[in-house]
Amino acid sequence: MPDELVNGKQKNISSIESIARSPYLNKGTATPSSTRNALHLTGILPPAVETLEQQKKRALVQFRAKSSCLEKYMFLAWLRNTNVRLFYRIVIDELEEMAPIIYTPTVGTACLEYSHIYPFLAPPGVPDGLYLSINDLPNLTQIIKSYRPYPSSDSLTPQIAVITDGSRILGLGDLGVNGMGIPIGKLQLYVAGAGIDPRRTLPITIDLGTNNEKNLNDEFYLGIRKKRVSDDEFYPFVDAVLKALTSVYPNLLIQFEDFSSEHAFDLLAKYRDNLFCFNDDIQGTGAVILSGFINAVRLVEKDIHPTKHRILFFGAGSAGVGVAKQLLEFFKIEHGMSEDDAKKLVWLVDTKGLVTCDRGDKLAKHKVYFARSDNEGRQFKSLMDVIEYVKPTALIGLCSTGGVFDENILKRMGELNKNPIIFPLSNPMVNAECTFEDAMRNTGNRVIFASGTGFPPFVEQETGKIRYPGQGNNMYIFPGLGLGAILARPDRITDRQIYASASALAESLTTDEVEQNFLYPAIQRIRRVSAQVAAAVIVTSVDEGLARNPEINSLVKQNLPECLSRSGEKWQKLVKYVEEKMWDPNNEKLFTCETLVEKSKF
Ligand SMILES: NC(=O)c1ccc[n+]([C@@H]2O[C@H](COP(=O)([O-])OP(=O)(O)OC[C@H]3O[C@@H](n4cnc5c(N)ncnc54)[C@H](O)[C@@H]3O)[C@@H](O)[C@H]2O)c1
Ligand SMILES: O=C(O)C[C@H](O)C(=O)O
Ligand SMILES: [Mg+2]
């Protein structure tokens, strides 16, 4: 037999095996009989040929029977790594039930336990994400090139990477390499919420050590066992990773996630103008909270003029400062305020109290901009003292300390305001500054509320009316922002694109949601909402002259004014175009299993 034929046959065998074993292509019990025969799966699979719906039903029964959220997380992780299509069918259809498992709060527990649950998340050979440690410095490019989450037949060039160094995972602190759960969770929302093809997502954890003693002393800890490296090593290593990534994947969008605040601000400042990237905790959170704030401001407009708000941030890290900066844009753009006047509407509090210029300590760089100088030498330490001084209309918690908006604080906010705006945004749920129930009870049900992790609805005792809390989480922004950027391909993510994402999100509520005083759209509608957010990002990048995708340019340019106003037929057409680009687990064209079998004539 000629060599080519032998090779040809070997190729067939290996491609057939890779279909049967591919977490992406295999359909498990939904594999049709003809394909089973071709793949030699008859006898390996039980005889029944099921539909995706039947598989989903069984998986849901198994999922719901799990006794803890962590077990549910592990079950879903296994499903994702063995049957991609079934996993995403379930996550997309049941997002309200699944989001708290694959994302906050359970992803927080999973990160805390990551080194303990690790081998049970994926079958051998299926990676959960890309690990790059400081020891890999000489080989970064090679490691990145060889990383294949699926067999090479279904590997595609990644379009979006979420990268963390595990140093500030949610409000849980430095978790080192255990932080891998976060890039994985974020990218699952990219797929479920914005229809990015799962094969085009790249979760990355860089390991530069950890200062978490518990991890360092844990016999099962999976990261390198040493203290975090100094900045002299940190910045060159991150730079080398980014260079290697972009040399292998030049169009890759990079989302920085859960870096400690100082590094988060520095990395953003260093790369925002020369790399296709954004920081989710600073810009994504800024945009999502701006959006909720815009809707909250509308709700209280008859009592408080928008420019008369007094906004108190409890927590002055990457998220607090990121949100505060984003809010300034709203006052400047929508209300014509000068930067100085807008800045006067914001007060920051950190562990030492109100952030002022003359507090006597050396302020971290990112706090200096908002430090107050109108305090006439007075300093305020406790939150209550600051509240008495500022008399805030809005209280925003981003301090990672659960329960600090206690009964007294909430009551006082209720006394000061007809409808106090209270956003306990820290994650996961145990770190939320207050619960929805406490906020309702202590303000006579008058609070305007959004939290980072979703709380259950509250039933008003007197009326029996059900009140739904808002979820102010960047998950409403990053999927749409990323999708829009991937489609338009601007050179960089700009402030205007971020602002457009926030304002499109604020406008995305249905009449029914507006009537119910929602601040954010229902999570079940996330794909539609992400399409609107993505379209707004696309239009802005075309208007800025930054979009490099010719198809997008020709589609948008001729209808630019209508698209910029986000109304009318042309805008709707663009949103539909974006929706049609979304990956869907039921789209057979994307699962070439049968076609490959047929072509292989085996
Ligand atoms: N809802 C969302 O979408 C979202 C997005 C990003 C971050 N977050 C959450 O925000 C929190 C903060 O993130 P970060 O990156 O800004 O973290 P960070 O650690 O950099 O900042 C925390 C800030 O809170 C202050 N602080 C801590 N304890 C305090 C206390 N008891 N009293 C007063 N101030 C206190 C610190 O001084 C610091 O300024 C985290 O819990 C994170 O999960 C939520
Ligand atoms: O991950 C989240 O749920 C939101 C945010 O990015 C965070 O760091 O808390
Ligand atoms: Mg984050």
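None of these values were measured; they are calculated from a predicted model.

Asker: Where do I start with the site of ligand 1 in this structure?
Answerer: Within the structure, ligand 1 sits among 30 residues, and Gly171, Ser261, Gly315, Gly317 and Gly452 are positioned closest to it. Among the elements of the structure, α14 (280-299), α15 (318-335) and β7 (346-350) are those that each provide at least two residues to the shell around ligand 1. Here the shell around ligand 1 spans two domains, since at least three of its residues come from each of domain 2 (99-259) and domain 3 (283-469).

Asker: Help me out: how do you make sense of the UniProt feature "binding site: a divalent metal cation" (unreviewed entry) in the chain in this one?
Answerer: Per the UniProt record, the feature "binding site: a divalent metal cation" (unreviewed entry) sits at Glu257, Asp258 and Asp281. For the residues just named, distributed over 25 residues, the greatest C-alpha separation is only 6.7 Å, placing them together at one site. The residue glutamate 257 is located in the loop between β4 (253-256) and α13 (261-271) in this model. Setting aside chain neighbours within four positions, we find glutamate 257 in contact with Val162, Ile163, Thr164, Ile182, Pro183, Lys186, Asp280 and Asp281. Mapped onto the elements, aspartate 258 comes out in the loop between β4 and α13. We classify aspartate 258 as buried; it has 26 C-beta atoms within 10 Å. Contact partners of aspartate 258, with chain neighbours within four places excluded, come to Thr164, Arg168, Ile169, Gly179, Ile182 and Asp281.

Asker: Explanation requested: the site of ligand 2 in the structure shown.
Answerer: Close to ligand 2 lie Tyr103, Thr104, Leu170, Asp258, Asp280, Asp281, Asn427, Gly452, Asn473 and Asn474. Per-class residue counts for the shell around ligand 2 are 2 nonpolar, 5 polar and 3 charged.

Asker: Just to check I follow, could you spell out the pairing of β7 for this structure?
Answerer: Among the 5 residues that make up β7, 4 are buried, leaving the element largely enclosed by the rest of the structure. Looking at chain direction, strand β6 (residues 311-314) and β7 are connected through 4 bridges and run parallel. Across the sheet, isoleucine 311 pairs through a bridge with valine 346, a residue of β7. Alignment of β7 against strand β8 (residues 353-354), held across 2 bridges, turns out to be antiparallel. Counterpart to aspartate 350 in the pairing with β8 is glycine 353.

So, how was this worked out
- Residues numbered from 1 in each chain as written.
- Chains lettered and ligands numbered in written order.
- Predicted model: local features only at pLDDT ≥ 70, side-chain atom pairs only at ≥ 80, totals over all residues.
- Near = placed C-beta within 6 Å.
- Helix = DSSP H or I, 4+ residues; strand = E, 2+ residues; numbered from the N terminus.
- Domains from an automatic or database assignment.
- UniProt positions renumbered as here; feature names shortened; annotations may be inferred.
- Contact = placed C-beta atoms within 7 Å.
- Buried ≥ 20, exposed ≤ 12 C-beta atoms within 10 Å, placed from the backbone.
- Nonpolar A, V, L, I, M, F, W, Y, C, P; charged D, E, K, R; others polar.
- Pairing = 2+ DSSP bridges.

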